[in-house]
Amino acid sequence: MRTRTVTNVVIAALAVLLVIFVSEIVLLLFAAILIAVLLRALSELLAKRVGIPQRWAVVIVVMLLALSFSAIGWLIAPSIGEQVSELRSALPTSLQRLQQEMQRFVWLERLVDSAPHPDSIPTQPEVASKVTEATSGTLKALANIVVVLVIALYLAADPRPYVEGTVRLFPPAQHKRAREVLDAMGHTLRWWLLGKAA
């Protein structure tokens, strides 16, 4: 009886860990599918209008999108830099003003006393810990973005092998229906994305 209980606890813990880890993978895969559907829709429009092969249209669409995002970033970056410097200079005075306003209310006095002083400097271990956390989080986010983009490019360039692989997960009698459902889902998702983009 005891062995069975331990086995059930271990299986439950493994199931929880699997759900936690797989949920992130599923979200990344879903993001890649969304981007791939959008890239495929735009490249199909381009391929029909210009009369070029689908794969070249995907390459052109990706290059145009990369150039567009780079140009937007280049145009917006100076404004964001100015706003950050203004925020950095205005934040200490705003915090002091907030503390002065809060001191007017007696019941908020405890909150003001427990709040850190704006001039307080964190210790080196605290700073190092926060820098490490920020760096780790940034690197993880960048790695996830790269993974999503690579998967999206593969899916957009030639989705048929992946669709056929998904169809093979179903019983042979259901292959035709699975293909129909996947095609309908792709069609609906494409028009939904184009509608959201418009």
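Above this text sits the structure in question.
Residues numbered from 1 in each chain as written. Predicted model: local features only at pLDDT ≥ 70, side-chain atom pairs only at ≥ 80, totals over all residues. Heavy atoms only, no water.

Comments concerning a nonpolar patch on the surface
Judged by side-chain polarity, Val6, Val10, Leu14, Val16, Leu17, Ile20 and Phe21 come together as a nonpolar surface patch covering roughly 660 Å² of accessible area. With respect to the secondary-structure elements, Phe21 resides in helix 1 (residues 2-50). With a relative accessible area of 55%, Phe21 lands in the exposed category. (Patch = residues over 30% accessible without salt bridge, like charges linked within 9 Å, V, L, I, M, F, W, Y side chains within 5 Å. Areas by Shrake-Rupley, 256 points an atom, 1.4 Å probe, with all protein chains shown as cover. Salt bridge = Lys/Arg side-chain N within 4 Å of Asp/Glu carboxyl O. Helix = DSSP H or I, 4+ residues; strand = E, 2+ residues; numbered from the N terminus. Buried < 20%, exposed > 50% of the residue type's maximum accessible area, 1.4 Å probe, protein only.)

Thoughts on the nonpolar core
Ranked by size, the top nonpolar core spans nine residues in total: Ala32, Ala36, Leu39, Val58, Val61, Val148, Ala152, Leu155 and Ala156. For this core, the leading source of residues is helix 4 (residues 124-157), giving four residues. Discounting residues that sit within four places of it in the chain, Leu155 has contacts with Ala32, Ile33, Ala36 and Tyr162. (Core = buried A, V, L, I, M, F, W, Y, C linked by side-chain atoms within 4.5 Å. Contact = heavy atoms within 4.5 Å.)

Focus: the packing of helix 1 against helix 6 (residues 175-197)
Taken N-terminus to C-terminus, the directions of helix 1 and helix 6 make an angle of 80°; their axes are 9 Å apart at the nearest point. Judged on the interaxial angle alone, helix 6 and helix 1 are roughly perpendicular. Judged by residue contacts, Ile33, Leu34, Val37, Leu38, Arg40, Ala41, Leu42 and Glu44 of helix 1 engage Gly186, Leu189, Arg190, Leu193 and Leu194 from helix 6. Among the residues making up the contact of helix 1 with helix 6, the classes are represented as nine nonpolar, one polar and three charged. (Axes fitted to C-alpha atoms, helices over the stretch in contact; angles between N-to-C directions. Parallel < 35°, antiparallel > 145°, perpendicular 65-115°, else oblique. Nonpolar A, V, L, I, M, F, W, Y, C, P; charged D, E, K, R; others polar.)

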